[in-house]
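Structure assessment
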Amino acid sequence: MAHNINHKNQYLMNLNNLENLKAEMKSLGFKPELIEKMEEQVKAGLPEFTLKDQVKSHKGQVDLNVFFKQSGQSENYYLNKFEVSLNEGKALESGQQYLVISPSDTPGKNNVWKRENVAEAIELFKKHTGNAELASGKDAAHKTQLASMENGKINYVDKDFGRIFRNPPLPQTIWVDRGKGFTAPQAINLIEGRAVYREDMLTQGGMPYKAWMKLDLDGPRDRHMNYNMNQYHDPSYGFNLKEVLDKFNIKELETPKEREKLEAQLKNGDRPAVTVEKNGEPLKVFVEAVPRYSQLNMYTSSGRAEKREQFLKQPSLNKEISKTKIKEKGVSEAQGLGV
């Protein structure tokens, strides 16, 4: 009887663990489909597993690896980190994968390895010592060749794929604690170079503070191969999003509800579309927050930068905006990504 009670308690505890993981993933903004995959793997009882996802982005495709590991002391699983990497090449179409193809021992047959992550596919391809091909597509019968090798020597790389092939994207580790930390959408925005506003940061002494966070993508990586983080503290750094928005003729600012939504999107690191006026005609542009310069950047749908000065309420402000200098006060660097 005692054995049955213990087994029942263990089963309930495992179900609680599963529900906690679901809640954590939902809080971190992962897709419902990924949460379902997590549940399948947990029920299969694997000691550790990695879930993968791809998201089309403004600069190509962002690959995500989400890591789960079972405790050494119990059957509970934990989600402590995930990775994001930016593939600035052409994003995969729905249903497509990267394919590494090489001849098998059976004449007329090929071995085909499928990978969702471009860096992993390139690494696998380069390990071959004979004839091999790197491609993308739904399967080997419907493929687009990206690279090939003969007798272990690379003899072709697609021109548009060349930069990614020479410099495969390295992942950025995002640490989380029981569903708290940078969300998946925020991490995607960070790896694309945009800033994210956090109200729940803590100093090493445990004191809370608010700051805009931005990866230093132009600086060196740390010893863990992560980018360092620049922090623009609020309010000491001096970037006031509301005041900066008020300088511009943006239609969405006219409605309190739309304004609130826009501010939330910018704080999340998004690049939302807004309506401005150019040559007397309404124009949709994409806007992003730039805390370092206490400014906004604006882009067309094709990604071309628009001069923000033309959308100011007062032309007299043009000179002031154009002379904005890099602020140094309140900038700090932190190793990697903390919670």
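Everything here concerns the structure above.
Quick notes on the rules
Residues numbered from 1 in each chain as written. Predicted model: local features only at pLDDT ≥ 70, side-chain atom pairs only at ≥ 80, totals over all residues. Heavy atoms only, no water. Core = buried A, V, L, I, M, F, W, Y, C linked by side-chain atoms within 4.5 Å. Buried < 20%, exposed > 50% of the residue type's maximum accessible area, 1.4 Å probe, protein only. Helix = DSSP H or I, 4+ residues; strand = E, 2+ residues; numbered from the N terminus. Phe/Tyr/Trp six-rings, centres within 6.5 Å; stacked < 30°, edge-to-face > 60°. Lys NZ or Arg CZ within 6 Å of the ring centre and 35° of its normal. Polar contact = N/O pair within 3.5 Å; in protein donor to acceptor, adjacent residues only side chain to side chain.

Digging into the nonpolar core
In this structure, M25, F30, M38, F68, L79 and F82 are the most contacted members of the largest nonpolar core, which totals 36 residues. When contributions to this core are tallied by element, the ones reaching two or more residues are α1 (2–27), α2 (32–44), β1 (48–57), β2 (60–70), β3 (77–87), α5 (184–191), β10 (196–202) and β11 (208–215). The next biggest cluster of nonpolar side chains, apart from the first, holds 23 residues, and it includes L241, V244, L262 and V287.

Examining the packing of aromatic side chains
Taken as a whole, this structure holds 8 aromatic pairs when the rule is applied. Here the aromatic rings of F30 and F82 are separated by 5.2 Å at their centres, their planes lie at 80 degrees, and the arrangement is edge-to-face. Residue F30 is found in the loop between α1 and α2, and its partner F82 is found in strand β3; the two are separated by 52 residues along the sequence. Accessibility assignment for this pair places F30 and F82 in one class, buried. Here the aromatic rings of Y232 and Y237 are separated by 5.0 Å at their centres, their planes lie at 65 degrees, and the arrangement is edge-to-face. Both residues of the pair, Y232 and Y237, belong to the buried class. An aromatic cluster is present here, built from F49, F68 and Y77 joined pairwise through their rings. Between the NZ or CZ atom of K126 and the centre of the ring of F165, over which it lies, the distance is 4.7 Å. A cation over a ring is seen here: R221 above Y227, with NZ or CZ 3.9 Å from the ring centre.

Quick word on the environment of R198
Its location among the elements puts R198 in strand β10. It is 8.0 Å that separates the C-alpha atoms of R198 and K267, two residues lying 69 residues apart in sequence. Only 2.6 Å separates the side chain of R198 from the side chain of D200, close enough to count as a polar contact.

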